[in-house]
Amino acid sequence: MRWTDGRARRLYNHFMHATPTAPAAPYRGRVAPSPTGLLHIGHACTFWTAYQRALAQDGTLVFRNEDLDPQRSKAKFAEAMLEDLRWLGIRWQEGPDVGGMFAPYEQSRRREFYLAAWRSLRNGGFVYPCTCSRKDLATAAAAPNEGDDEPRYSGRCRTRIREAAQHETPEGVNWRFLVPDGEEIQFDDRHLGPERFVAGEDFGDLVIWRRDDVPAYQLTVVVDDAAMQITEVVRGADLLKSTARQLLLIRALGLPSPAYYHCDLVRDEAGERLAKRHDALSLRRLREQGYSPQQVLNMCTSG
Ligand SMILES: [Zn+2]
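Small disclaimer: the values here were computed from a predicted structure and weren't measured. (Residues numbered from 1 in each chain as written. Predicted model: local features only at pLDDT ≥ 70, side-chain atom pairs only at ≥ 80, totals over all residues.)

Caption draft 1: Structural context of the overall build of the protein. When its secondary structure is counted, the protein shows nine helices and nine strands. Expressed as a percentage of its 303 residues, the buried residues of the protein come to 37%. Counting only contacts in the protein whose residues sit at least 6 apart along the sequence, the fraction spanning at least 24 positions is 79%. (Helix = DSSP H or I, 4+ residues; strand = E, 2+ residues; numbered from the N terminus. Buried ≥ 20, exposed ≤ 12 C-beta atoms within 10 Å, placed from the backbone. Contact = placed C-beta atoms within 7 Å.)

Caption draft 2: Inspection of helix H7 (residues 240-253) at higher detail. Its 14 residues give H7 an end-to-end C-alpha distance of 20 Å, which sits within 8% of 20 Å, the value for a rise of 1.5 Å per residue. Within H7, 10 of the 14 residues are buried, which leaves the element mostly enclosed by the surrounding structure. Buried residues of H7: Thr243, Ala244, Arg245, Gln246, Leu247, Leu248, Leu249, Ile250, Arg251 and Ala252, and no others. Looking one or two places after H7, you find Gly254, whose phi comes out positive at around 70 degrees. (Expected span 1.5 Å × (residues − 1).)

Caption draft 3: Structural detail: the nonpolar core. Val31, Phe177, Ile208 and Leu219 are the most contacted members of the largest nonpolar core, which has 65 residues in total. Here the element with the most residues in this core is helix H2 (residues 41-56); it accounts for eight residues. Contacts of Phe177, omitting those with residues within four sequence positions, involve Leu121, Phe126, Val127, Asp205, Leu206, Ile208 and Leu249. (Core = buried A, V, L, I, M, F, W, Y, C linked by C-beta atoms within 7 Å.)

Caption draft 4: Quick look at helix H4 (residues 111-123). End to end, H4 covers 18 Å across 13 residues, agreeing with the expected 18 Å (1.5 Å per residue, within 8%). If you check which residues of H4 are buried, you get Tyr114, Ala117, Trp118, Leu121 and Arg122. Burial along H4 is one-sided: seen end-on, the buried residues are contained in an arc of 135 degrees. What points out from H4, more than 90 degrees from its buried face, is the exposed set Glu112, Ala116 and Asn123. Positive backbone phi, approximately 75 degrees, marks Gly125, located one or two places after H4. (Arc of directions from axis to C-beta.)

Caption draft 5: Highlighting the sheet that holds strand E4 (residues 174-177). Pairing within the open sheet is antiparallel, and its three strands lie in the order E3-E4-E7. Here the strands that pair on one side only, and so sit at the sheet edges, are strand E3 (127-130) and strand E7 (206-209). Averaged over all pairs of adjacent strands, the angle between strand axes in this sheet comes to 45 degrees, irrespective of strand direction. Judged from the four bridges that link them, E3 and E4 form a sheet pairing that is antiparallel. Paired with Val127 across the strands is Phe177, a residue of E4. (Pairing = 2+ DSSP bridges. Axes fitted to C-alpha atoms, helices over the stretch in contact; angles between N-to-C directions.)

Caption draft 6: Quick peek at unusual backbone geometry. Here the bond from Ala103 into Pro104 is cis, since omega is 0 degrees, no more than 30 degrees from zero. Note that Pro104 resides in the loop between helix H3 (75-88) and H4. Its identity is not glycine, yet Asp58 carries a phi of approximately 55 degrees, on the positive side. Tracing the backbone shows Asp58 in the loop between H2 and strand E2 (60-63).

Right, here's the structure in full:
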């Protein structure tokens, strides 16, 4: 299997840990909210950081609308997030409202990119169809890791990798990416410093395409960041483990890896993540209550 091939690993280590010597590519950052609700203070703080980092480097900021989930995405929330971030003072040079050379900037219009990636993963022997039911998963999975979105999968359907080639299209089953058990994934976060995760321990085989024919977040983010030539990803520290997963996908797809800057999560006085108190702290609500953009941003640093 390719993961245990020493040469592939040395190459990987070379690319993942090499110090860039070529002149740095112009900075390209992004803000990438999902229109599944109103943006809250936690988003505001992370996106503000992304904006500031792009400004400081005289770079480009891309606005990407992650409206993939047809059930949960709403046009009214897509409108609201553009408006709320503009109100906050964030400006972007490319996005659904202003266009740009990497359009479209709505994930719902980028299916071809994701399909091509799925095909490449299938052809490369990196993914397999998983036919486990929700019930199977609930009983087989180890307890979900704290703060993690996805319980660790047992690997039960790994043998189905032989069936992958029979699928012309991804729909109908969950597609999982086979992680190289025991492999360490390391990266230097530009804010939090060295990070280390172990595949198969910190996370298991991840879904990259859902049974209901919606490509999964982990896949689409990697594909879009590469296609849009993003050089630095700024996001919340709750996604550190997802970054480790995504680095494996990036390698399997042969894509360049962006740098990462994971922001501290905003917490209230009691230490609870503000993201969990959605309604009370939506930008919309704060605005209606008469908060100024500056007062909202002050909550980011005082938290
Ligand atoms: Zn399965």
